[in-house]
Amino acid sequence: MAKEESGDQASKPVDAPTARRRQDAIGRRLRQMYEDVVREDVPTDFMKFLQEADERGGGQGQSPKPNGGKTPGK
Amino acid sequence: MTDDKTFQKDLVAAIPHLRAFARSLCNDPTMADDLAQEALAKAWKARESFEAGTSIKAWTFMILRNQFYSEKRRSWRTAPLDVEMAENTLLANDDPTAPMELLELRNALAKLPDEQKEALILVGAGGMAYEEAAQICGCAVGTIKSRVSRARRALEVILAEAGSRKNNAERDIPADKAFDDILEQANALAGGSGRSRARDV
């Protein structure tokens, strides 16, 4: 919200190795942020939903799976 | 029939990525999961239009993204990142070493324009190819490349400022040193839980 971009300290140009090092760190953290969520157990809601989708969507005589692929609880 | 089963299996396999993408787009984990579930529902309904052999992950991301922006237009979906809530989210993570620095990253991401943010999330966080990200965002590959690079530079500036502000409040340290402090934490992390993971990405 506060659009105060670039305090002069922060926007001060840095040398290439420093910039690369910073970008490496940012890259690592970005992947970590994403991977942390990928590794979480999928809430069972998601599976319930697919099960319902299966029942509703598969109107061609296929029977829904009795178990919608439960994730292991915590 | 079998196709539906295969499709469903692939769809289920994409769920963790859908959640991660959604979580990066809107900061509130509950809203993110709602969004991901809605995208799943749409994907399931639209399964006839999925082209076999193409990436189901990219396809579902496209659906989620459209969903996100259409709802964002309607109401407002992204909560401004509430620090306390974000801390709780991190604490709720089973990972006891969940680093607070991720909060800073999310904060910084939230300040980026949407199109830069999503490009960086797809490529930099999700590890997608530029071509795939371009397809998801419906723009040229060159556009994605430039958005990613602008996003990276902007993040660097925002994080350096954040580091400087924090450290000025606590001690008297120039911005560059502050950023390096953050970096050291990141490197320590990479040396621990991060490293093995980095290899299989």
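Caption draft 1: Main features of the overall build of chain A. Counting its regular elements, chain A contains three helices and zero strands. Listing every helix and strand of chain A by position from the N terminus yields α-α-α.

Caption draft 2: Broad picture of the overall build of chain B. Looking only at helices and strands, one finds nine helices and zero strands in chain B. Expressed as a percentage of the 201 residues in chain B, the buried residues total 39%. Sequence-distant contacts, at least 24 apart, represent 58% of the contacts inside chain B between residues at least 6 apart.

Caption draft 3: Just the environment of Tyr 130 of chain B, in detail. Residue and element names in this part refer to chain B. With respect to the helices and strands, Tyr 130 occurs in helix α7 (residues 130-137). For Tyr 130 and Ala 119, which are eleven residues apart along the polypeptide, the C-alpha to C-alpha distance reads 8.7 Å. Apart from the residues lying within four places of it in its own chain, the contact partners of Tyr 130 are Val 123, Val 141, Ile 144 and Lys 145.

Caption draft 4: Representation of the domain arrangement of chain B. All names here are of chain B. Looking at chain B, the domain boundaries give domain 1 (1-79) and domain 2 (94-201). Taken together, the contacts link eleven residues of domain 1 with nine residues of domain 2. For the side of domain 1 that touches domain 2, the elements supplying multiple residues, two or more each, are α1 (2-25) and α3 (56-74). At five residues, the largest contribution of residues to the side of domain 1 that touches domain 2 is made by α1. Classifying every residue of the side of domain 1 that touches domain 2 gives six nonpolar, four polar and one charged.

Caption draft 5: Spotlight on the packing of helix α2 (residues 16-39) of chain A against helix α6 (residues 114-125) of chain B. Running from N to C, α2 of chain A and α6 of chain B point in directions that differ by 90°, and their axes come no closer than 9 Å. In terms of axis orientation, α2 of chain A runs roughly perpendicular to α6 of chain B. Together, Gly 27, Leu 30, Arg 31, Met 33 and Tyr 34 of chain A of α2 of chain A and Leu 120, Gly 124 and Ala 125 of chain B of α6 of chain B make up the contact between the two elements. Each residue belonging to the contact of α2 of chain A with α6 of chain B can be placed in one class, and the counts come to five nonpolar, two polar and one charged.

Caption draft 6: Quick look at the packing of α6 of chain B against α7 of chain B. Residues and elements named next belong to chain B. Orientation of α6 relative to α7, taken along the N-to-C sense of each, is 140°, at an axis distance of 9 Å. With respect to α7, the axis of α6 lies oblique. Every pair of crossing elements has a handedness; the one defined by α6 and α7 is right-handed. Across from Glu 118, Ala 119, Leu 122 and Val 123 in α6, the residues of α7 making contact are Tyr 130, Ala 133, Ile 136 and Cys 137. Within the contact of α6 with α7, the residues separate by chemical class into seven nonpolar, no polar and one charged.

Caption draft 7: Geometry of α7 of chain B. Taken together, the buried positions of α7 of chain B are occupied by Ala 133, Ala 134 and Ile 136 of chain B. Along the axis of α7 of chain B, the buried residues cluster in a sector spanning 160°; they form a single face.

Caption draft 8: Quick peek at α6 of chain B. Among the twelve residues of α6 of chain B, ten are classified as buried, and the element is accordingly described as predominantly covered. Looking one or two places after α6 of chain B, you find Gly 127 of chain B, whose phi comes out positive at around 70°.

Caption draft 9: Representation of the confidence of the model for chain A in the model. Taken over all residues, the pLDDT of chain A has a mean of 68, while the share at 70 or more is 49%. In the predicted structure, residues 1-10 of chain A sits below a pLDDT of 50 and forms twelve contacts with residues beyond four places in sequence or in another chain.

Caption draft 10: A look at the nonpolar core. Residues and elements named next belong to chain B. Ranked by size, the top nonpolar core spans 52 residues in total, and within it Leu 18, Ala 22, Leu 40 and Leu 64 carry the most contacts. Three or more residues apiece are contributed to this core by two domains, here domain 1 (1-79) and domain 2 (94-201). The contacts of Leu 64, once residues within four sequence positions are left out, are Leu 18, Phe 21, Ala 22, Leu 35, Ala 36 and Ala 39.

Caption draft 11: Highlighting the environment of Gly 124 of chain B. Tracing the chain through its elements places Gly 124 of chain B in helix α6. With 22 C-beta atoms packed within 10 Å, Gly 124 of chain B lands in the buried category. Sequence separation between Gly 124 of chain B and Cys 139 of chain B is 15 residues; the distance between their C-alpha atoms is 17 Å. When sequence neighbours within four positions are dropped, the list of residues in contact with Gly 124 of chain B reads Gly 27 and Leu 30 of chain A together with Val 148 of chain B.

Caption draft 12: Summary view of the confidence of the model for chain B. All names here are of chain B. On average, chain B scores 79 in pLDDT, and the residues at 70 or more come to 67%. The model gives residues 89-98 a pLDDT under 50, and that stretch makes ten contacts with residues more than four places away or in other chains. Within the model, the stretch residues 192-201 combines pLDDT values under 50 with nine contacts to residues more than four positions away or in other chains. Scored as a whole, the predicted complex attains pTM 0.71, and scored at its interfaces, ipTM 0.73.

Rules used in this analysis
- Residues numbered from 1 in each chain as written.
- Chains lettered and ligands numbered in written order.
- Predicted model: local features only at pLDDT ≥ 70, side-chain atom pairs only at ≥ 80, totals over all residues.
- Helix = DSSP H or I, 4+ residues; strand = E, 2+ residues; numbered from the N terminus.
- Buried ≥ 20, exposed ≤ 12 C-beta atoms within 10 Å, placed from the backbone.
- Contact = placed C-beta atoms within 7 Å.
- Domains from an automatic or database assignment.
- Nonpolar A, V, L, I, M, F, W, Y, C, P; charged D, E, K, R; others polar.
- Axes fitted to C-alpha atoms, helices over the stretch in contact; angles between N-to-C directions.
- Parallel < 35°, antiparallel > 145°, perpendicular 65-115°, else oblique.
- Left-handed = near helix turned anticlockwise from the far one by under 90°.
- Arc of directions from axis to C-beta.
- pLDDT = per-residue confidence, 0-100.
- Core = buried A, V, L, I, M, F, W, Y, C linked by C-beta atoms within 7 Å.

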